[in-house]
Amino acid sequence: MPDALRDVLRAPSLARPTGCAALGAPVPETPAAGAAWCRTGEVFAVHAAGNSPGVHSMWLEALALGYRVVVRPSNRDPLTPFRLVTALWQAGVPTTQLVLVPCDHATADLIIERADRALVYGGQDVVDKYRNRSDVLIQGPGRSKLVVAADADRRAGLALAVEGAAYHAGTACTATTGVLVEHDPAGFARELADALRELVLVGPQDDAACLPCMPEADAEGLAAAVLERAGNATVHLAPRVERLGGEGALATITPAVVELASAKNPLLSYEVPFPCVWVAPFERDAPDVLDGSLVLALHTGDAALVARAVELTAVSNVYWGRPTSWVHQDVPHDGFLGEFLMRAKGLAHGD
């Protein structure tokens, strides 16, 4: 978030096609024959998520590109966008250019309908609702996966799996959901279970907190759903609901690790908001099981395998030797937002 605020035009500039004039360049200073990069609308609506403050760095790009931005905060975290919007108003951004609209779902739907472009976060139900809308960019389940190949160091692969699984308490779309292991997936699942069992169990106000906090009833439902879906699969680490002290019956869920017999099992992509990892065997002649991933991380020395992964059409990001949770300001989250907000428009003028 701080980096996005310090250099708000960085990502839009990276997204701009090289054939288009620089952002904000006066027409007389552009090539006599070329292209301009122009907005595809005027109003950009955001239905924000509450799993990370970082989600609010994206709509800053729309604001920098000249859109009027409407932010509908998440019920889970309304304070982060409130602070950010208030700070931007105080810095001089007009209230006619940026508004914060806490509202119910019916009003939120109306905002989406009236906006020219919209960014929405949510689960599979949100994906299904908007999948046929070209004016809505969907940020749904990540179903991010890690491949641990037989040619790579196993201990390093385990470290990547632990880091990815625990990222943002397992609630982020880039947290590791599935791990595919080329050699001895059962042994890897046991080692991963032992490592995740060591995660510190503390309250949400503690700096060492690395597990989610939620109402106890919600935690019980999530843990039960994982165990029910696991069925006959091998559960190396069962999720456990631990009540946290204080009022409100808040609880956390400890990590889960389940071994699947096949990477074609749909559970490999079953995503829940706590550290829950599904481990399955990996076969190089069947890379299609890797498709449908926001992030695909590969722990291997085989450049050809990485090249094949890059060609998968339903994989948004490929990380080689890094965890699925790795981030960098120059690496787009799910493509550049500018690709969705802008278009190249032919531009020519006399000498």
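What counts, and at which threshold
Residues numbered from 1 in each chain as written. Predicted model: local features only at pLDDT ≥ 70, side-chain atom pairs only at ≥ 80, totals over all residues. Heavy atoms only, no water. Pairing = 2+ DSSP bridges. Helix = DSSP H or I, 4+ residues; strand = E, 2+ residues; numbered from the N terminus. Phe/Tyr/Trp six-rings, centres within 6.5 Å; stacked < 30°, edge-to-face > 60°. Buried < 20%, exposed > 50% of the residue type's maximum accessible area, 1.4 Å probe, protein only.

Just to check I follow, could you spell out the pairing of strand β12 (residues 250-253) for this structure?
Two faces belong to every sheet, and in a regular strand the side chains alternate between them. Taken together, the two bridges between strand β9 (residues 214-215) and β12 define a ladder with antiparallel strand orientation. What sits directly across from P215, in β12, is L250. Summarising the sheet, strand β11 (residues 241-243) and β12 pair through three bridges and their orientation is antiparallel. Bridged to E242 within β12 is T252.

Any chance you could explain the packing of aromatic side chains here in plain terms?
In this description, an aromatic ring pair is defined by two values, namely the gap between the centres and the angle between the planes. Inspection of every chain in the model, using the stated rule, returns three aromatic pairs. Measuring from centroid to centroid gives 6.2 Å for F44 and Y67, while their planes differ by 65 degrees, and the two rings are edge-to-face. Taken together, the residues F44 in strand β2 (residues 43-47) and Y67 in the loop between α3 (56-64) and β3 (68-72) connect sequence positions 23 residues apart. By the burial criterion, F44 is buried, and Y67 matches it. Where Y319 meets W326, the ring centres are 5.3 Å apart and the plane angle is 80 degrees; that geometry is what we call edge-to-face. Residue classification places W326 among the partly exposed positions, given a relative accessible area of 24%.

Please clarify how the sheet that holds β9 should be interpreted in this entry.
Paired through backbone hydrogen bonds, the strands of a sheet run either parallel or antiparallel to each other. An order of β9-β12-β11 is seen for the three strands of this open sheet, with the pairing classed as antiparallel. Pairing within the sheet leaves two strands with one partner each, and these edge strands are β9 and β11.

Read these as layout, nothing more, since geometry by itself doesn't imply function.
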